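# Summary of the model geometry
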Protein chains: 2
Amino acid sequence: MTRSGEFDLIRDVFAPLAEAPGALGLADDAALVHIPAGRELVVTADTLIEGVHFLMNDPADLIARKALRVNLSDLASKGARPDYYFLCLSLASWVDDSWLTRFGEGLAADQKSYGVSLMGGDTTATPGPLTISITAMGSVEAGRMIKRSGAHAGDLVFVTGTIGDAGAGLAVLNGASASADRGSLIRRYQLPEPRTGLGQKLVPLAHASVDISDGLMADLGHVAAASGLRIVVDAARVPLSEGVRALWGSNATAAARAATSGDDYEIAFTAPYGARGAVAALSSETGIAISEIGRVEPGEGIDLLNEAGRAMPLQSLGFRHF
Amino acid sequence: MTRSGEFDLIRDVFAPLAEAPGALGLADDAALVHIPAGRELVVTADTLIEGVHFLMNDPADLIARKALRVNLSDLASKGARPDYYFLCLSLASWVDDSWLTRFGEGLAADQKSYGVSLMGGDTTATPGPLTISITAMGSVEAGRMIKRSGAHAGDLVFVTGTIGDAGAGLAVLNGASASADRGSLIRRYQLPEPRTGLGQKLVPLAHASVDISDGLMADLGHVAAASGLRIVVDAARVPLSEGVRALWGSNATAAARAATSGDDYEIAFTAPYGARGAVAALSSETGIAISEIGRVEPGEGIDLLNEAGRAMPLQSLGFRHF
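Reading the values: rules and limits
- Just so you know, the residues in each chain are numbered from 1, in the order the chain's sequence is written.
- Lettering for chains starts from A, numbering for ligands starts from 1, and both go in the order in which the items are written.
- The model is predicted, so local features are restricted to residues of pLDDT at least 70 and side-chain atom pairs to those at 80 or more, both for listing and for counting; the totals for chains, interfaces and linings are taken over all residues.
- Hydrogens and water molecules were not included; the side-chain quantities draw on all heavy atoms of the structure.
- Going along the chain from the N terminus, every DSSP run of H or I of four or more residues is numbered as a helix, and every run of E of two or more is numbered as a strand.
- Here the globule rule is a power law, 2.2 Å times the number of residues to the power 0.38, and the radius of gyration is based on C-alpha atoms.
- Exposure is judged per residue with a 1.4 Å probe applied to protein chains only, and the accessible area is read against the type maximum: over 50% gives exposed, under 20% gives buried, and values in between give partly exposed.
- Whether two residues are in contact is decided by their heavy atoms, any of which lying within 4.5 Å being enough.
- Values of accessible area rely on a 1.4 Å probe in the Shrake-Rupley scheme; residue burial ignores everything except the protein chains shown.
- In this comparison the copies share one frame, found by least squares on the C-alpha atoms of residues holding pLDDT of at least 70 in both.
- Pairing between two strands requires that DSSP report at least two bridges joining them.
- Angular values range over 0 to 180 degrees, each being the angle between N-to-C directions of two axes fitted as lines to C-alpha atoms, with helices fitted over their stretch in contact.
- For any pair of parts, buried area is found by adding up, for both, the accessible area (1.4 Å probe) each one loses once the two are put together.
- We count a salt bridge whenever a side-chain nitrogen from Lys or Arg sits within 4 Å of a carboxyl oxygen from Asp or Glu.
- Polar contact is the term for a pair of N or O atoms within 3.5 Å; when the atoms are in protein, one must be able to donate a hydrogen and the other to accept it, and sequence-neighboring residues count only if both atoms are side-chain atoms.
- Amino acids outside the nonpolar list (Ala, Val, Leu, Ile, Met, Phe, Trp, Tyr, Cys, Pro) and the charged list (Asp, Glu, Lys, Arg) are all regarded as polar, and Gly is one of them.
- By nonpolar core we mean a set of buried residues, namely Ala, Val, Leu, Ile, Met, Phe, Trp, Tyr and Cys, connected to one another through side-chain atoms within 4.5 Å.
- Side-chain rings of Phe, Tyr and Trp (the six-membered ring for Trp) are treated as a pair once their centres are within 6.5 Å; stacked means planes under 30 degrees apart, edge-to-face means over 60, and tilted covers the remaining angles.
- In this analysis the charged atom, NZ for Lys or CZ for Arg, is taken to sit over a ring once it is within 6 Å of the ring centre and within 35 degrees of the ring normal.
- Here the angle decides the label: under 35 degrees means roughly parallel, over 145 means roughly antiparallel, 65 to 115 means roughly perpendicular, and every other value means oblique.
- Left-handed describes a crossing whose near helix is turned anticlockwise from the far helix by less than a right angle; the clockwise case is right-handed.

## Regarding the overall build of chain A
Across its full length, chain A carries 10 helices and 11 strands. In summary, chain A has a C-alpha radius of gyration of 20 Å against a globular reference of 20 Å for 322 residues, a match within 12%. Overall, chain A is about 65 × 50 × 35 Å in size when its C-alpha atoms are taken along their principal axes. In chain A, which comprises 322 residues, the proportion classed as buried is 62%. Within chain A, residue pairs in contact and separated by at least 24 positions form 85% of the contacts whose partners lie at least 6 positions apart. For chain A, the accessible area works out to roughly 11,800 Å², and carbon and sulfur atoms hold 50% of it.

Printed below as a string of structure tokens:
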């Protein structure tokens, strides 16, 4: 590293990102976080590790944006408006000034897109892989956070966007023969698009909600468990993009693959039958597809049903961290 | 690892630590953080890395407590009451069940001591060293956080406890010939004692405050810079323990060593001359020594003065992260 150390790095790269007054220019031991009256703070934290969640040669700005966005996606699924984040950065020995500059540029771009500010954190040298831990904060109207545990029996299950694109993008990066949609699939893997705007509009509609990181089935399984109910998903209704169909096909097996591949960063939510019209209106208003894919029933567990209505055997519900 | 994975680890080790209702049993995408009316949220984050901040063979419960306490020390120096923390844990391949159990026991003990609750986080396997990032939260009466930037020219400079013990403990671990105080010096290095109670009582007294992690001189240098003033410290008044005196002596050179060795997790603060009585009363009330060590002057920078009142040349002001 040619910058003379931590203080230069903070001054040159990170202090300009500390836009909120409570960040105190990153020149204090702690930050002051303001929460408007009548709102409640929603907080989440996620770690991305070189060689596990991204590769050393991935563009630095995309790594930064992915690290931030996986957290913003959690906030989106809770109906929260994103506001602030704290960054703990463990720098591998291969990281140089130009990498850090680009990393900062990625954060700056997303701060503008999502209206968030860096508030603090820690920067340390590590003998190991580059490791990025972000704690992100947002706010919701007090008492209105959309929990995983709020599903009702009889609710319909919806999901935003398309499922499996990121998993297909990773397969393409690993050598799967790709269609013309190669670039868009890889992009879905490298750069999630958290549904922050749409998420906030789910507050009056959704009973329960989760963002899809481990896999549609795994994450809806968490909703089923937290709500003490069963969720069934129709394979034929899992929304697949043209790119995923070209790579994996469009039958139930392809849907199962998509629904267990993870990294989608879409929102899956449950809402009562009577909210169908409002959900359709929200889709029109935001321009984001929202598909009805299943329903909540008494019982427990989660199943993916084939065309015959039979539960498909799945090797796993999604990504396991270890 | 013999536990079957992340979910078992969360259920067995971490969910019991999620005592606050807003943690939602660690079973949601995010936590709800409650801040009482009239108070403001203070947030800090720090990372500890195996081989940098602790060693693989250090007791797991002490590693956990140190990781938590370095954050609580930042909150203490701001006058904040500690409330919550988020834990991002990147697990090295050598970590086993019994290590994790002991790690959780360390956190449980300190949650009881300091009145804090785990609220969330992320657990991931890493191909590198064990890495622990904690984001801690506390609260202060709105508008009353003690900043680094609040020093006034004419303020006196005070410090709690004794300085250099942790640095001497590290020297002993590295083979320095030790006195009878070997154990207590090592303990100061392995297990900081953040001044959380005392820190909250500084709110009506202190103009500026910092916790000593990098070194007394380095951290008071931050106060000087943030306040746009100069700070001078008298070497003869830097409080040294019996153990440090036995190892390093008690002259100005020993004081310089202590004042630049770091990891003290004491609080250095500035207060007006008129607060001397209140500071002495606070020391009596808490049973924690508070020493007057210097003063704030117009100008810039920080100096350690020898017996002749001359600025001592220092190789560095304290620990640099890279």
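Resuming the write-up.
## Focus: the relation of the copies chain A and chain B
Aligned on chain B, chain A shows an RMSD of 0.0 Å; the corresponding rotation is 180 degrees and the shift along the axis is 0.0 Å. As the rotation angle and translation indicate, the two copies are arranged about a two-fold axis. Within chain A, G128 of chain A has its C-alpha nearest the rotation axis, a separation of 2.3 Å. Most of the interface of chain A is mirrored in chain B, where 98% of its interface residues again form contacts.

## Some remarks on the sheet that holds strand 6 (residues 156-160) of chain B
Residue and element names in this part refer to chain B. Spatially, six strands are ordered 7-9-6-10-8-11 in an open sheet, and the strand pairing comes out mixed. The open sheet has two free edges, formed respectively by strand 7 (208-211) and strand 11 (301-305), since each of these has just one partner strand. Strand after strand, the sheet turns through a mean of 25 degrees between neighbouring axes, direction not considered. In the sheet, strand 7 pairs with strand 9 (residues 267-271) via four bridges, with the strands oriented antiparallel. The residue bridging D211 from the neighbouring strand is I267, located in strand 9.

## Side note on the interface of chain A and chain B
Every contact between the two is made by 60 residues of chain A and, on the other side, 59 residues of chain B. Both sides together, the interface formed by chain A and chain B hides about 4,900 Å², and carbon and sulfur atoms give 61% of it. Note that R148 of chain B is salt-bridged to D29 of chain A, the shortest N-O span being 3.1 Å. Taken together, the links from chain A to chain B amount to 17 residue pairs in polar contact (both at pLDDT 80 or more). The element contributing the most residues to the side of chain A that touches chain B is strand 2 (residues 39-49) of chain A, with nine residues. Grouping the constituent residues of the side of chain A that touches chain B by class yields 27 nonpolar, 19 polar and 14 charged.

## Points about the nonpolar core
Judged by nonpolar contacts, the single largest core of 63 residues is most densely connected at V33 of chain A together with F14, V33, F103 and I132 of chain B. Among the elements that line this core, the one with the most residues is helix 2 (residues 60-77) of chain B, at eight residues. Residue contacts for F103 of chain B: discarding those within four places in its chain leaves F14, A60, D61, I63, A64, L87, L89 and I132 of chain B.

## A few points about the packing of aromatic side chains
Residues and elements named next belong to chain A. Counted under the stated rule, the structure contains six aromatic pairs over all chains. Judged by centre distance (5.6 Å) and plane angle (90 degrees), the rings of W94 and W99 are edge-to-face. The class for W99 is buried, based on a relative accessible area of 9%. Members of the aromatic cluster, each reached through a chain of ring pairs, are W94, W99 and F103. One cation-aromatic arrangement involves K66 over Y189; the distance from NZ or CZ to the ring centre is 4.2 Å.

## Quick look at the sheet that holds strand 2 of chain A
Spatially, five strands are ordered 4(A)-3(A)-5(A)-2(A)-1(B) in an open sheet, and the strand pairing comes out mixed. At either end of the open sheet lies a strand with only one pairing partner, and these are strand 4 (117-125) of chain A together with strand 1 (31-33) of chain B. Sheet twist, expressed as the mean angle between neighbouring strand axes with direction ignored, is 20 degrees. Inspection of the sheet shows strand 3 (residues 81-91) of chain A paired to strand 5 (residues 131-141) of chain A by nine bridges, in the antiparallel sense. Considered in strand 5 of chain A, the bridge of L89 of chain A is made with I132 of chain A. Each of strand 3 and strand 4 of chain A touches helix 1 (residues 6-14) of chain A; the most contacted strand, strand 4 of chain A, lies at about 150 degrees to it. In this fold helix 2 (residues 60-77) of chain A packs onto strand 2, strand 3 and strand 5 of chain A, with an angle of close to 140 degrees to the strand it touches most, strand 2 of chain A.

## Regarding the packing of helix 1 of chain A against helix 3 (residues 97-114) of chain A
Residue and element names in this part refer to chain A. For the pair helix 1 and helix 3, the least separation of the axes is 10 Å and the interaxial angle reads 40 degrees. For the element pair helix 1 / helix 3, the angle class is oblique. Of the two elements, helix 1 crosses helix 3, and the hand of that crossing is right-handed. Mapping the contact onto sequence places L9, V13 and F14 in helix 1 and L100, F103, G104 and L107 in helix 3. In terms of residue class, the contact of helix 1 with helix 3 is built from six nonpolar, one polar and no charged.

In short, shape yes, function no, at least from these values alone.
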